[in-house]
Amino acid sequence: MCQKYPETFMFATTSAEIMTAFTLKKTASLIGVEGGHSIDSSQGTLRTMYHLGVRYLTLTHSCNTPWADNWLVDTGSEPSEHDGLSPFGKQLIQEMNRMGMLIDLAHVTVKVMNQVLDMSIAPVIFSHSSAYSICPHKRNVPDDVLRRVNQTEGIVMINFYNDYVTCSKTAKLSDVADHFDHIKKVGGAGIIGFGGDYDGVTRLPEGLKDVSKVPRLVAELLRRNWTDEEVNAALGKNLLRVFQRVEKVRDDLRKTQPDDVPIPYEEVENTCRTSHGYQDSGAVRPLSTVALLLTLALQLITTLTS
């Protein structure tokens, strides 16, 4: 998309590149992966995605992964499989901190939200969620979590989907502004962002049918006595602060070796998945053994080519 519309979009992988795009009057475009199922429970795949430019991962979509519970568990329509995060899920949180990948808590259970807030040393994002107290939908964020997001300097980027704004099929722009006001009251203006979710929903508020209408929401916030500084923060500065902090944590951990123990095989076993790398018991092959096998393979290649 950036190649097709270079006059409008600029691909970005860092907070500095976002600012470069801004100075060039372009829209910085980042790659995010919505749903941890996309990494197939593989830290290697997660790292590969990072090297391809992915900078945030939503831990689940609307289904459990083999290592995290999704928001539908809180509705009672699906059973909890992991009581939040499994041990491997906790490994992934540490690895995302180490790599500099933004952790997105939209779509997870409240238990997962709190577990990640307990253990992540980098701030988190909710890329498209609203305030539960305004609309008690399980995709939204409860007040106690909003307070914790404030304490950990993360961000909640407000969703415009009618079902999450008014818990009904219809909504108005002013209803969205109510979510901004509530989150500001509970967690402060420093944790607020614009989430939208324009590419993923079927019902949008009257007056916010597409991104060209976002200035109307800005005008509504100003009418409600938001300051220019608060609006600018919600439009981008809050997210930049979070991204910069995630990059700082990555840089501080640059000498930390990754935890390469894979997810237990019995938790992901199926007819299409290889058991390569596992012993018969399902335990991971020790890294020293892997290193020995690699050394032997390299020696064999050297012998064959000499």
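Cut-off values and rules
Residues numbered from 1 in each chain as written. Predicted model: local features only at pLDDT ≥ 70, side-chain atom pairs only at ≥ 80, totals over all residues. Heavy atoms only, no water. Disulfide = S-S within 2.5 Å. Helix = DSSP H or I, 4+ residues; strand = E, 2+ residues; numbered from the N terminus. Expected span 1.5 Å × (residues − 1). Buried < 20%, exposed > 50% of the residue type's maximum accessible area, 1.4 Å probe, protein only. Contact = heavy atoms within 4.5 Å. Right-handed = clockwise from strand over helix to strand, strands pointing away.

Caption draft 1: Local environment of the state of the cysteines. For the structure on display, the rule yields one disulfide. In this model cysteine 135 forms its disulfide with cysteine 167; the gap between the sulfur atoms is 2.0 Å. Around the S-S axis, the bridge from cysteine 135 to cysteine 167 shows a dihedral of about 105° and counts as right-handed. Residue cysteine 135 is located in the loop between β6 (125-126) and α6 (143-151), and its partner cysteine 167 is located in the loop between α7 (162-165) and α8 (173-187); the two are separated by 32 residues in the primary sequence.

Caption draft 2: Focus on helix α4 (residues 87-99). Helix length check: α4 (13 residues) gives 19 Å between terminal C-alpha atoms against 18 Å at 1.5 Å per residue, within 8%. α4 sits mainly inside the fold: 10 of its 13 residues count as buried. If you check which residues of α4 are buried, you get Phe88, Gly89, Gln91, Leu92, Ile93, Glu95, Met96, Asn97, Arg98 and Met99. Here the buried face of α4 lies against α2 (43-51), β4 (54-58), β5 (102-104), α5 (110-119) and α10 (228-252).

Caption draft 3: Broad picture of the pairing of strand β7 (residues 155-159). By the criterion of burial, β7 is predominantly enclosed, with five of the five residues buried. Between the parallel elements β6 and β7, the chain passes through α6 in a crossover that is right-handed.

Keep in mind these values describe shape, not function.
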